[in-house]
Amino acid sequence: MSDFNRRKFLEGTAGVAAAASVGAGAALFAPFAHAQNLTFKPEKGAKLRVLRWSRFVQGDIDAYMANVKKFTEATGVEVRVDNEGWEDVRPKAAVAANTGAGPDIILSTNDDANLYPDKLLDVTDLAEYLGKKYGGWYPAGETFMRPDGKKWLGLPLGASGSLIVYRESMVKAAGFATFPKTTDDFLKLYKALKEKGTPGGMALGNATGDSTWCNWLIWSHGGKLVDKTNKVVIDSPETLKALEYGKELYANFIPGTLSWLDPNNNKAFLDGQISVTNNGISIYYAAKNSPDPKVKEMAADINHAVFPIGPVGVPTESHLFFNQMIMKYTKFPQASKEFLRFMMEKEQFDPWLQGGGGYVAQPLRFYENSAIWSSDPKNLPYRDSVKNLRPGGYDGKLGYASAGAAADFIIPNMVAEAASGSKTPKEAAERAQKRAERYYKL
Amino acid sequence: MTLLARFQNSRNALGFMFMLPAALLLLVFLTYPLGLGTWLGFTDAKVGRPGQWIGLENYAYLWGDAVTRLALFNTLLYTFVASVFKFILGLWLAILLNKNIRFKTFFRAVILLPYIVPTALSAIAFWWIYDSQFSIVSWALVKMGLIDHYIDFLGDPWNARISVIIANVWRGVPFVAITLLAGLQTISPSYYEASAIDGATPWQQFRHVTMPLLTPIIAVVMTFSVLFTFTDFQLIYVITRGGPLNATHLMATLSFQRAISGGALGEGAAIAIAMVPFLLACVMFSFFGLQRRAWQQGGSDK
């Protein structure tokens, strides 16, 4: 995966460099000169049903629905959009794939597309067109959606960055002028925050989005679920070191994090009960837009940082990836492709990025220049969430096994078991190894 | 007599015809899914792809899987404790509501409220009640000076188990109470009058009049209560999603997590099918228990 990513990264970087060389002004929001326009002719009488994860920020759905309306006006294709919590999209998508009936397009999370690749419409032509026009897809997007390096199972939509959200005043009061950049300092910060009575906390329950910090914990110490050949190697000395570190970190968390699901840290942070957590930009967005003056005031004190670098020496970020899949059973494949194309074009995609307030980071390099990343410096850390994203099935190939292992919370449960002391790190790693081997056996 | 006329006059043929639509429905919507689930349990089927026959491999794996064993333990504990409490509280409420108290109808209606509220909604309410940072229970106890820090309702395995059992009891008591109340109202007051004349105490009346006459209803209501509790999904899914540390995973939630979210349809089906013997035992216990009572068919106990 790494070689593949490096190659793609260089290709993409060259694309951006070429775009920049066209000239200031024109380069920023002009599609690349060599890109051809592509359209798909919707079938006569086509109607589309789209199932997507429900909003965490209101601006996302408002902008998305405005684009849907524009699409209907432009093509006459009626589109019905259903929203579900992201944990509920996965089972619905799985059932749809299995039964061959349901929404035409599904916006889902992580490597869902790799659970049922045969049930998805090949969108290679569309993906290549968009990639060429908008400076290339980030490597993670390709890893998720083009697992064999040839056929695109769907289109990346972006990722909700899981970064550090912190209260500047509290971090400063704990003796840190800037946010720690290493895991050692990160632990020191957590200890200092606890001593000051302003602890932090991160989810250790079965939280789809917010438990991804557990991936960072393992990767930052050199541990990984599988090696490049998909052999399960989670029970390793590196993992044990990570779990020991996690145990120390957890000892400084606010009580209750073992039960935390996705919304818990948002609520605790906005209530002023925690000073540091991991989250999308939704906490900041909620604070900025809150009708409560006290919460609004808090926004000025909120800042974001990327996760610290551990002994492994490189960034090891884990974010919630979003995909767009067209189900093969759709009666309207052309209309579906046209819908996705339309939504990914800059006239629609950029306003949607801005509407989301930075909640979703783009999968195409071109949108690095979106105003959402420069309009507020606090948004900037989220910009590269897809660019720096390491998929959950690291270091192996994504597929049924990686998707299953992630959905079964193997890594978060291992971390929770070790951190809470319910199992020793060795026992927790052995249990994770056994469970992961079950998925990777096939 | 023509064939049609003979058919129309045949009790057996007509009975068969009338039964056919219901049998068809049962076949399509009950037998087929159960059969398919059983089949899947013997395969390595994944979401979106058919599986190969692997015999008992899923079951063999699950037998050695610590999480599945924990889920089975949780399910049995959850079902047993919740059912006992639902029975005791339900019977107590039914007896209270069967007395001539003021605003009897109002109270009978109120008692149904937990049952009327959609399960997901009541689960969300409990999720808030048990929140580690915002629990109203913890807040009240702290304000009263009874505790000095918030209770970790859902972050500690045993606390979490107890918490979800309480939520289940709250939700299930109305069903037991109202059904038993209906049973109590079928008992003729003359039994109580006669026993009172004979000098029976209230406890003796309860033991020798109420309980024997209520037993058939109790058997039915508790069978259903146990079945509902054993197969509970929504409360757990909303409140804990099986956490912390899988401490509240029931067989149903684990089956869902493995089969649908995780894509391991065969393994998930095997977990679900593994529930059937327990459920069947419960139904058979109740069924044969009732069958032995001849008075169910209009006779008297032998």
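Parameters and conventions
Residues numbered from 1 in each chain as written. Chains lettered and ligands numbered in written order. Predicted model: local features only at pLDDT ≥ 70, side-chain atom pairs only at ≥ 80, totals over all residues. Heavy atoms only, no water. Helix = DSSP H or I, 4+ residues; strand = E, 2+ residues; numbered from the N terminus. Buried < 20%, exposed > 50% of the residue type's maximum accessible area, 1.4 Å probe, protein only. Contact = heavy atoms within 4.5 Å. Pairing = 2+ DSSP bridges. Axes fitted to C-alpha atoms, helices over the stretch in contact; angles between N-to-C directions. 1 Å grid on protein atoms, 1.4 Å probe; cavity = no way out; pocket = protein on both sides within 12 Å on 5 of 7 lines; lining within 4 Å. Points joined across faces, edges and corners; volume = space filled by probe spheres on them. Nonpolar A, V, L, I, M, F, W, Y, C, P; charged D, E, K, R; others polar. Salt bridge = Lys/Arg side-chain N within 4 Å of Asp/Glu carboxyl O. Buried area = accessible area lost by both parts, 1.4 Å probe. Polar contact = N/O pair within 3.5 Å; in protein donor to acceptor, adjacent residues only side chain to side chain. Expected span 1.5 Å × (residues − 1). Arc of directions from axis to C-beta. pLDDT = per-residue confidence, 0-100.

J.: I would appreciate a short explanation of the overall build of chain A in the present structure.
T.: Helix and strand content of chain A: 18 helices and eight strands. For chain A, the spread of C-alpha atoms along the three principal axes comes to 65 × 50 × 40 Å. For chain A, the residues scored as buried account for 62% of the 442 residues in total. At a minimum sequence separation of 6, the contacts of chain A that also span at least 24 residues come to 76%.

J.: Explain the sheet that holds strand S3 (residues 105–109) of chain A here, please?
T.: Each strand in a sheet pairs with another by means of backbone hydrogen bonds, the pair being arranged parallel or else antiparallel. Residue and element names in this part refer to chain A. An order of S2-S1-S3-S8-S4 is seen for the five strands of this open sheet, with the pairing classed as mixed. Strands at the two margins of the open sheet, each flanked by one partner only, are strand S2 (78–84) and strand S4 (155–160). Neighbour to neighbour, the strand axes of the sheet diverge by 20 degrees on average, direction disregarded. Relative to strand S8 (residues 320–326), S4 runs antiparallel, the two being bridged by five bridges. Bridge pairing links Ser160 to Leu320 in S8.

J.: Just checking my understanding: could you explain empty space enclosed by the protein for this structure?
T.: In total, this model carries six cavities of 30 Å³ or more according to the counting rule given. Considering only enclosed or pocket space, the largest cavity measures out at about 540 Å³ in volume. In this structure, the largest cavity is lined by 37 residues; those nearest its centre are Arg90, Thr208, Ala406, Ala407 and Phe409 of chain A. Going through the elements one at a time, helix H4 (86–99), helix H16 (400–407) and helix H17 (410–420) of chain A together with helix H13 (251–261) of chain B are the ones with two or more residues in the lining of the largest cavity. Partitioning the lining of the largest cavity into residue classes produces 16 nonpolar, 16 polar and five charged. As a volume, the second largest cavity reaches approximately 100 Å³. Lining the second largest cavity are 14 residues, with Trp86, Ser160, Asp210, Gly280 and Tyr359 of chain A positioned closest to its centre.

J.: Help me understand the pattern of salt bridges, please; the structure alone is not making it clear to me.
T.: In a structure, side chains of opposite charge can pair up when their charged atoms sit close to one another. Residue and element names in this part refer to chain A. This model, assessed by the stated rule, comprises 32 salt bridges over all chains. Ionic pairing is found between Glu73 and Lys69, a salt bridge with its closest N-O pair at 3.4 Å. Residue Glu73 and its partner Lys69 are both found in helix H3 (residues 58–75); the two are separated by four residues, about one turn of the helix. According to the relative accessible area criterion, Glu73 is exposed, its value standing at 59%.

J.: Sorry, what's going on with the interface of chain B and chain A here?
T.: By a widely used convention, the size of an interface equals the accessible area lost when the partners come together. In this complex, chain B contributes 41 residues to the contact, which on the side of chain A involves 42 residues. Both faces considered, chain B and chain A share a buried interface measuring about 3,400 Å² in area, 51% of it formed by carbon and sulfur atoms. In terms of surface lost to chain A, no three residues of chain B exceed Gln133, Arg241 and Leu245 of chain B, which account for 19% of the buried area on that side. Between the two partners, chain B and chain A, sit six salt bridges. One salt bridge in this structure joins Arg435 of chain A and Glu267 of chain B, with 3.0 Å as the shortest N-O distance. The tally of links between chain B and chain A comes to 17 residue pairs in polar contact (both at pLDDT 80 or more). Looking at the side of chain B that touches chain A, the elements that each hand over two or more residues are helix H3 (57–64), helix H4 (66–98), helix H7 (119–129), helix H12 (234–239), H13 and helix H14 (265–274) of chain B. Among the residues forming the side of chain B that touches chain A, the class breakdown is 17 nonpolar, 15 polar and nine charged.

J.: Would you mind showing me how to read the packing of H4 of chain B against H13 of chain B here?
T.: When two helices pack together, you describe them by how their axes are tilted relative to each other and by the distance separating the axes. Residues and elements named next belong to chain B. Where H4 meets H13, the closest approach of the two axes is 8 Å, and the angle between their N-to-C directions is 145 degrees. Packed against H4, whose contacting residues are Val67, Thr68, Ala71, Leu72 and Thr75, the element H13 presents Met251, Leu254 and Arg258 at the interface. Partitioned by chemical class, the residues of the contact of H4 with H13 number five nonpolar, two polar and one charged.

J.: What am I meant to see in the pairing of strand S7 (residues 302–305) of chain A here?
T.: For a regular strand, side-chain orientation follows a simple rule: the groups alternate between the two sheet faces. Residues and elements named next belong to chain A. Alternating residues of S7 divide into Ile302 and His304 and Asn303 and Ala305, and every residue in both groups is buried. The sheet contact formed by strand S5 (residues 163–167) and S7 spans four bridges and is antiparallel. Note that in S7 the partner of Arg167 across the bridge is Ile302.

J.: What is the right way to look at unusual backbone geometry in this model?
T.: Most peptide bonds take the trans configuration, and most residues that are not glycine carry a negative phi. For the peptide bond that leads from Tyr394 of chain A to Asp395 of chain A, omega is 10 degrees, which places it in the cis range. Secondary-structure assignment places Asp395 of chain A in the loop between helix H15 (346–355) and H16. Between Gly243 of chain B and Pro244 of chain B the backbone carries a cis peptide bond, its omega angle lying at -5 degrees. The phi dihedral of Leu245 of chain B falls on the positive side, at around 55 degrees, and the residue is not glycine. Note that Leu245 of chain B resides in the loop between H12 and H13.

J.: What exactly am I supposed to notice about helix H10 (residues 237–250) of chain A here?
T.: Think of an α-helix as turning once every 3.6 residues; residues three or four places apart then point the same way. Residue and element names in this part refer to chain A. When the terminal C-alpha atoms of H10 are compared, their 20 Å separation across 14 residues agrees well with the 20 Å that a helix rising 1.5 Å per residue should span. For H10, every residue scored as buried is listed here: Thr239, Ala242, Leu243, Tyr245, Gly246 and Leu249. Projected down its long axis, H10 carries its buried residues within an arc of 165 degrees, all on one side. Residues of H10 that are exposed and point over 90 degrees away from its buried face: Pro237 and Lys241. Close packing links the buried residues of H10 with helix H8 (183–196), helix H9 (213–220), H17 and helix H18 (425–440).

J.: For this particular structure, what's the right way to read the confidence of the model for chain A?
T.: A low pLDDT means the predicted coordinates there should not be read in detail. When pLDDT is averaged across chain A, the result is 90; 92% of the residues are at 70 or more. The low-confidence segment residues 1–34 of chain A, where pLDDT is below 50, has 46 contacts with residues more than four positions distant or belonging to other chains.

J.: I would appreciate a short explanation of the layout of surface pockets in the present structure.
T.: It is a probe the size of a water molecule, rolled over the atoms, that shows where empty space is left. Here the largest pocket defines a volume of roughly 780 Å³. Elements with a contribution of two residues or more to the lining of the largest pocket: H4 of chain A together with helix H2 (11–41), H13, H14 and helix H15 (276–291) of chain B. It is H2 of chain B that contributes the most residues to the lining of the largest pocket, six residues altogether. The residue makeup of the lining of the largest pocket, split by class, is 22 nonpolar, eight polar and one charged.

J.: So what exactly am I meant to see when it comes to the side chain of Thr229 of chain B here?
T.: Residues and elements named next belong to chain B. The residue Thr229 is located in helix H11 (residues 202–230) in this model. Classification of Thr229 as buried rests on a relative accessible area of 1%. A polar atom in the side chain of Thr229 sits 2.7 Å from the side chain of Lys86. Here the side chain of Thr229 touches Ser225 through a polar contact of 2.5 Å, landing on its backbone oxygen. Other than its neighbours up to four places away in sequence, Thr229 contacts Tyr78, Thr79, Ala82, Ser83, Lys86 and Asn168.

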